[in-house]
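If you want the building blocks of each chain, they are given just below.
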Amino acid sequence: MPKSLFIIDGNSLLNRAYYALPPLTTAHGEPTNAVYGFSMMLQRLVDDYAPTGVFVAFDVSAPTFRHQSYKEYKANRTGMPEDLRPQVGILKEVLDAWGIPRMELAGYEADDLIGTAAKKGESLGYQVYIVTGDRDALQLISSNITVLLTKKGIKNLDSVDEQELKNRYGLSPSQIVDLKGLMGDSSDNIPGVPGVGEKTALKLLQAHDSMEQLYQDIDQQKGKLKERLVEYRDQAYMSKDLASIDCAVPLETDLTIQPKVDQQRLADLFSRLEFRSLLERLGTKTQEDKHSSTSARQVSTPLGVKSIENGTEDVLRQEFEMSEWIALESDDCDLWLATSQNVWHYSMSGTSNSWEWLTALILDHTQITCNQGKSLLRHVRALTEFHLKMDISLAAYVLDPGNSQDLSSLSVKYGDLPPLAEEVDKRQAGARRAKRVLELAPILKKTLVEENLWALYADVELPLTKILAMMEIRGVCVDPDTLKEKKKKMKD
């Protein structure tokens with residue numbers, strides 16, 4: 001197989017992963033969704049292509065020559081989300097442990113480093129693959145350089161080579177900057193020629209080899225289009241310059257370096273970040289595995305779980321009366337109840353006739369807590385009138401909307417409790433969640449009161465949970481004809 005070089009747009013893929021995955025945090029509150037998505041994609045690339053070398057380019061927070069020539073360049077960009085900012089440093093830790101060199105250089109964008117490295121790699125005889133979500137990279141395509149564009153989140157890559165570029169746009173790689181010069185790029189605040197969109201710009205370039213040729217033949221154009229092209233000629237050329245990738249950056253990176261993974265360091269990082277699936281693929285024991293006997297898996301002991309059936313009504317009623325809180329956990333087939341004395345299990349798929357007295361018992365209690373109220377109501381519709389007092393995930397959302405509502409994370413953050421142990425047995429897993437919900441309920445209620453958020457939670461968010469659940473259960477009336485009309489408009 002020919003030597004292959006993969007050059008990855010670090011900022012592009014990190015952002016793509018951040019918005020493609022739901023918020024994820026470790027049990028200690030460290031945000032990880034973007035790093036996890038990036039790492040998964042990187043692992044997939046290594047598995048699928050077995051590249052000779054891998055390099056990742058990053059932007060640096062310093063003005064570039066483009067900002068100096070046009071002050072409005074990227075002026076419309078918003079700041080990085082707060083929970084994404086720390087993940088940049090975490091990703092660099094992962095890459096260093098993975099043995100993957102990073103390319104960064106003040107005064108230049110990642111695109112310029114990618115372009116320079118790609119052309120240099122091509123001259124060294126590599127088949128080069130550029131992985132990015134930025135279509136500006138299409139100008140770098142050649143017989144030995146292919147662009148892999150991210151699409152549909154982080155799982156799928158769209159391979160574009162010279163022939164595919166021609167088939168798709170009718171353009172050569174060198175015409176991509178002409179396209180940007182004419183149509184501009186709103187994401188980078190590149191103005192282009194006002195009134196000239198992609199469709200018009202493509203027609204112009206398919207009829208002329210370049211923007212220079214277009215302006216030499218400008219008298220072939222007519223009407224308003226000609227007027228706009230003439231009026232904004234200088235702006236078009238400036239836009240082309242802004243979109244052009246500099247492939248002559250003073251880059252000192254040795255492209256012949258092959259990744260040398262520090263297995264132990266990477267395993268310890270994946271363990272800290274709780275990337276279990278990636279950790280399993282490494283097959284390396286972490287320092288925690290080697291030296292600690294207090295991991296969740298090791299210290300977990302089976303919970304005693306009692307079965308709810310006919311004949312247990314009196315015992316359960318007595319426990320309900322003695323318990324300030326009753327915690328419920330459920331899925332489609334099973335229900336778990338935690339009292340101050342025991343954890344109980346009920347199989348909703350069975351034929352037992354205990355369900356009627358059990359629901360009546362639950363509905364009679366005024367201090368019911370669960371983890372996700374909407375899910376519970378969807379699973380157990382007979383409980384739609386129960387007195388839900390505390391929804392753990394909802395309370396956590398009110399306290400900190402941007403953070404994880406995962407039970408393990410909340411246990412560490414608010415209760416100073418250990419993360420939930422991993423359980424293979426379904427009955428044990430449900431019981432452990434129910435017990436943890438019971439432990440967290442009074443803690444989160446106290447925190448909401450102290451933060452002056454109890455009224456917002458109890459009077460607004462909690463009542464809305466039941467309304468939303470009933471909407472999901474019953475469905476919402478819609479007008480199919482109106483939806484079809486809107487679909488057509490959106491498609492157009």
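Residues numbered from 1 in each chain as written. Predicted model: local features only at pLDDT ≥ 70, side-chain atom pairs only at ≥ 80, totals over all residues. Heavy atoms only, no water.

Draft legend 1. Seen up close, the side chain of T150. Within the secondary structure, T150 is located in strand β5 (residues 145-151). Polar contacts involving the side chain of T150 include one to the side chain of R16, which spans 3.3 Å. Leaving out residues up to four positions away in the same chain, T150 has contacts with L13, R16, M41, T132, G133, N156 and L157. (Helix = DSSP H or I, 4+ residues; strand = E, 2+ residues; numbered from the N terminus. Polar contact = N/O pair within 3.5 Å; in protein donor to acceptor, adjacent residues only side chain to side chain. Contact = heavy atoms within 4.5 Å.)

Draft legend 2. Representation of the sheet that holds strand β11 (residues 368-370) within the structure. If you walk across this open sheet you meet the six strands as β7-β10-β9-β8-β11-β12, and the pairing is mixed. At either margin of the open sheet sits one strand with a lone partner, and together these are β7 (305-307) and β12 (388-391). Direction aside, neighbouring strands of the sheet carry axes that sit 30 degrees apart on average. Where strand β9 (residues 334-338) meets strand β10 (residues 343-347), five bridges bridge the pair, whose relative direction is antiparallel. Note that in β10 the partner of L335 across the bridge is Y346. The strands touched by helix α17 (residues 355-364) are β8 (326-330), β9, β10 and β11; relative to β9, the strand with the most contacts, the crossing angle is about 45 degrees. (Pairing = 2+ DSSP bridges. Axes fitted to C-alpha atoms, helices over the stretch in contact; angles between N-to-C directions.)

Draft legend 3. Quick look at the packing of helix α1 (residues 10-20) against helix α2 (residues 33-49). Two numbers describe how α1 lies on α2: the axes approach to 7 Å, and their chain directions differ by 115 degrees. Relative to α2, α1 is oriented roughly perpendicular. The interaxial crossing formed by α1 with α2 has right-handed handedness. Two secondary-structure elements touch here, α1 through G10, L13, L14, A17 and Y18 and α2 through N33, A34, V35, G37, F38 and M41. Grouping the amino acids of the contact of α1 with α2 by side-chain chemistry returns eight nonpolar, three polar and no charged. (Parallel < 35°, antiparallel > 145°, perpendicular 65-115°, else oblique. Left-handed = near helix turned anticlockwise from the far one by under 90°. Nonpolar A, V, L, I, M, F, W, Y, C, P; charged D, E, K, R; others polar.)

Draft legend 4. View of a nonpolar patch on the surface. Taken together, L464, I467, L468, M471, V476, V478 and L483 make up a surface patch of nonpolar side chains, about 610 Å² in accessible area. Broken down by element, the nonpolar patch gets its largest block of residues, four residues, from helix α22 (residues 454-474). The topology assignment puts V476 in the loop between α22 and α23 (480-491). What makes V476 exposed here is its relative accessible area of 57%. (Patch = residues over 30% accessible without salt bridge, like charges linked within 9 Å, V, L, I, M, F, W, Y side chains within 5 Å. Areas by Shrake-Rupley, 256 points an atom, 1.4 Å probe, with all protein chains shown as cover. Salt bridge = Lys/Arg side-chain N within 4 Å of Asp/Glu carboxyl O. Buried < 20%, exposed > 50% of the residue type's maximum accessible area, 1.4 Å probe, protein only.)

Draft legend 5. Broad picture of the environment of M40. Its place among the elements puts M40 in helix α2. Apart from residues no more than four positions distant in its own chain, M40 is found in contact with S277 and L278.

Draft legend 6. View of the sheet that holds β5. Spatially, the six strands line up as an open sheet ordered β3-β2-β1-β4-β5-β6, and their pairing is mixed. Because the sheet does not close on itself, it has two edges, and the strands there are β3 (102-103) and β6 (156-160). As paired elements, β5 and β6 share five bridges and run antiparallel to each other. Note on β6: the bridge partner recorded for K151 is N156. Sitting on the sheet, α1 touches β1 (4-9), β2 (53-57), β4 (127-132) and β5, and the angle it makes with β1 is about 60 degrees.

Draft legend 7. Focus on the packing of aromatic side chains. This structure, assessed with the given rule, holds nine aromatic pairs. Ring plane angle 55 degrees and centroid distance 5.0 Å describe the contact between F6 and Y49, whose orientation is recorded as tilted. On the criterion of sequence distance, the pair formed by F6 in strand β1 and Y49 in helix α2 is long-range, its members being 43 residues apart. By relative accessible area, F6 is classed as buried at 1%. When its relative accessible area of 30% is taken as the criterion, Y49 is described as partly exposed. Where W98 meets F270, the ring centres are 6.0 Å apart and the plane angle is 80 degrees; that geometry is what we call edge-to-face. One end of the pair, W98, is in helix α4 (residues 85-98); the other, F270, is in helix α12 (residues 263-273), with 172 residues separating them in the sequence. A relative accessible area of 7% places W98 in the buried class. Above the ring of Y126, the side-chain terminus of K3 is found at 4.4 Å from the ring centroid. (Phe/Tyr/Trp six-rings, centres within 6.5 Å; stacked < 30°, edge-to-face > 60°. Lys NZ or Arg CZ within 6 Å of the ring centre and 35° of its normal.)

Draft legend 8. Molecular detail of the state of the cysteines. Summed over the entire model, instances satisfying the criterion amount to zero disulfides. In this structure C370 is not part of a disulfide, and its nearest cysteine sulfur, from C333, lies 18 Å away. Take C370: its relative accessible area is 1%, and that puts it in the buried class. (Disulfide = S-S within 2.5 Å.)

Draft legend 9. Local environment of the pattern of salt bridges. Tallying each qualifying case throughout the model produces 25 salt bridges. D158 is the partner of R168 in a salt bridge, and the nearest nitrogen-oxygen pair spans 2.7 Å. Here D158 lies in strand β6 and R168 lies in helix α6 (residues 162-169), a separation of 10 residues in the sequence. Looking at R168, the relative accessible area reads 33%, which means it is partly exposed.

Draft legend 10. Spotlight on α6. Capping the start of α6 is the job of one residue whose side-chain oxygen sits 3.3 Å from the backbone nitrogen of Q163: D161. Positioned one or two residues after α6, G170 has a phi angle of 70 degrees, which is positive.

Draft legend 11. Layout of the pairing of β10. Along β10, four of the five residues are buried, which leaves the element largely enclosed by surrounding structure. Looking at chain direction, β7 and β10 are connected through three bridges and run parallel. When the sheet's bridge partners are listed, V305 is paired in β10 with V343. Once β9 ends, the chain turns through four residues before running back antiparallel as β10.

Note that all results are geometric; they support no functional claim without further evidence.
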